[in-house]
Amino acid sequence: MTTANNSNSHTVNKTQDTPQKTCDKYGLHQSILPSDEGLYGEYGGKIEHPELARAMNEIEVGFRKIIKSDDFINEMQRLRETYVGRPSPIYHARRLSEQGGGAQIYFKREDLNHTGAHKINHCLGEVLLAKKLGKTKVIAETGAGQHGVALATAAALMGLECEIHMGVVDIKKEHPNVSRMKILGANIVPVSQGAGTLKEAVDSAFESYLGQVDSSLFAIGSALGPAPYPEMVSYFQSVVGHEAREQFLATTGKLPNKVVACVGGGSNAIGIFSGFLADECVELVGVEPAGEGLDTPNHAATMSKGVKGAIHGFKCYVLLDENGEPAPVHSIASGLDYPGVGPQHSLLKDKQLASYESVTDAECLDAFMTLSRLEGIIPALESAHAIAYAMKIAKTMSADDSILVNLSGRGDKDIDFVLSKVDL
Ligand SMILES: *Cc1c(COP(=O)(O)O)cnc(C)c1O
């Protein structure tokens, strides 16, 4: 094994230390920290509604204070190790790499976390914060139910009430996750307004929260929304990137040429990117859903096809319909099916600190089956987008090069759907 000081072009060559505002070993690179107005360049921002603004401010002040307390740091550390199962391993996918005939592909195995995805990382943080602020309840929206399950898990663990707003259409579609949330003790509020999906669930959850801001905490499911959520969620997810960088160096003696992650709202991507933002030699790539194709209306490729706009109280790239409203979007991965994206990614794109590519539903299904058959790993359809892109780009690289993919979750939830689409 080589050390971090050999002369390979992909060894660590940064002398400047990552400036961090926080004092535990995880933290956010300055390029993705907000201004006092909660802005990342022109993106993000604070909520204007006076009562919600007061509540958000309490959360922001509480968050920034608590992440500096030994008590909180030690409790998070204990739960990460003994409850989630961190650090998640880095795995060299040898058969997948060989078959591709190019770069070596590695996975950060967030699919091995308790509850099967990366979302538990920020849900634990949000619920622990709620508890330290003296709240008795967490409130959230959920689309496919992944965020709802992770939050209900953390709430059960800490003995807090959990109220999950979910569209009636999604409740029908995502039955196993609804059952999980019920078993975990969550109260599910069905939302029948409008299309009965995620957008209406967000509005309903906010409204309910407004009536009980003093006793509850709103827990957003990705690195988006008004301040302080992008900062808070990406902070809790940054454990993924910091672990990955250390592990990758320790096993290969180098840094990866590329770090690849799927982008829905952007939490798993910002989590793994945050470990590598100070490394100019590492290329960061976010992968969006091209659905049925970027030239059709049926995709959710916010960064590739969106415009600068606003959604749910913050500014970002957004897909709009002809009336200037957030557009109905499509992806076979319901966790990527959102017309907006986190403000940090919007800024990283403009500053060219990360690039954003897209893969279609068909390419995603192909990667899902290939990984299952070659490595015995069934990935989430969301994660399969990142894998599909890695498989494609690996072919253009040499066998000495490497790609690190954030394998954000496991695919148990997707097996029935995939069987209905693939002829076996
Ligand atoms: C929710 C989810 C995503 C998408 O959300 P991000 O905030 O963009 O990470 C990706 N992968 C899995 C497994 C998910 O559950």
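Along every chain, residues carry numbers that run from 1 in the direction the sequence is written. With pLDDT at 70 or above as the cut-off, local features in this predicted model cover only qualifying residues; side-chain atom pairs require 80 or more to be listed or tallied, and sums for whole chains, interfaces and linings still use all residues. Only heavy atoms go into the side-chain values, all of them from the structure, while hydrogens and water stay out.

## Regarding the nonpolar core
Side-chain atoms within 4.5 Å are what join buried Ala, Val, Leu, Ile, Met, Phe, Trp, Tyr and Cys residues into a set we call a nonpolar core. Throughout, exposure labels follow a simple rule: accessible area from a 1.4 Å probe, protein chains only, divided by the maximum for the residue type, with under 20% read as buried, over 50% as exposed, and the rest as partly exposed. V138, L151, Y209, I272, F273, F276 and L404 are the most contacted members of the largest nonpolar core, which has 91 residues in total. When residues of this core are sorted by domain, at least three fall in each of domain 1 (39-83 + 119-230) and domain 2 (87-116 + 239-419). We call two residues contacting when some pair of their heavy atoms lies within 4.5 Å. Those residues in contact with L404 that sit more than four places away from it in its chain are I90, Y106, F107, K108, A244, F248, P256, K258, V259, V260, I272 and F276. Listed in part, the 36 residues of the second largest apolar core include A93, A103, I105 and F107. The domain boundaries here were taken from an automatic or database domain assignment.

## Some words on the sheet that holds strand 7 (residues 187-191)
When DSSP locates at least two bridges between a pair of strands, those strands are taken to pair. By definition, any uninterrupted DSSP run of H or I lasting at least four residues is a helix, any uninterrupted run of E lasting at least two residues is a strand, and each is numbered from the N terminus. The strand order 7-6-5-8 describes an open sheet built from four strands, whose pairing is parallel. Among the strands making up the open sheet, the edge pair consists of strand 7 and strand 8 (216-218). Strand after strand, the sheet turns through a mean of 20° between neighbouring axes, direction not considered. Relative to strand 6 (residues 161-167), strand 5 (residues 137-142) is paired through six bridges, and the arrangement is parallel. Among the inter-strand pairings, A140 is bridged to a residue of strand 6, identified as I164. Each axis is a line fitted through C-alpha atoms, and for a helix only the stretch in contact is used; angles between axes span 0 to 180 degrees, taken between their N-to-C directions. This element, helix 5 (residues 146-158), spans strand 5 and strand 6 of the sheet and lies at about 165° to strand 5.

## Here's the deal with helix 14 (residues 381-394)
Helix span is expected to be 1.5 Å times the residue number reduced by one. Between its first and last C-alpha, helix 14 extends 20 Å over 14 residues, near the 20 Å set by a 1.5 Å rise per residue. Most of helix 14 is tucked away: 13 of the 14 residues are buried.

## Observations concerning the packing of helix 2 (residues 70-84) against helix 4 (residues 119-132)
Two elements in contact, helix 2 and helix 4, have axes whose closest approach is 11 Å; the angle formed by their N-to-C orientations is 140°. The angle between helix 2 and helix 4 falls in the class oblique. Where helix 2 crosses over helix 4, the handedness of that crossing is right-handed. For the pair formed by helix 2 and helix 4, the contact residues are D71, F72, E75, M76, L79 and V84 on the first element and I120, N121, L124, G125, L128, L129 and K132 on the second. Note that Gly is not counted as nonpolar here; it falls among the polar residues with everything else outside the nonpolar set of Ala, Val, Leu, Ile, Met, Phe, Trp, Tyr, Cys and Pro and the charged set of Asp, Glu, Lys and Arg. Classifying every residue of the contact of helix 2 with helix 4 gives eight nonpolar, two polar and three charged. Working rule for angles: under 35 degrees goes down as roughly parallel, over 145 as roughly antiparallel, 65 to 115 as roughly perpendicular, anything else as oblique. For any helix crossing, the convention is left-handed if the near helix is rotated counterclockwise from the far helix by under a right angle, and right-handed if that rotation is clockwise.

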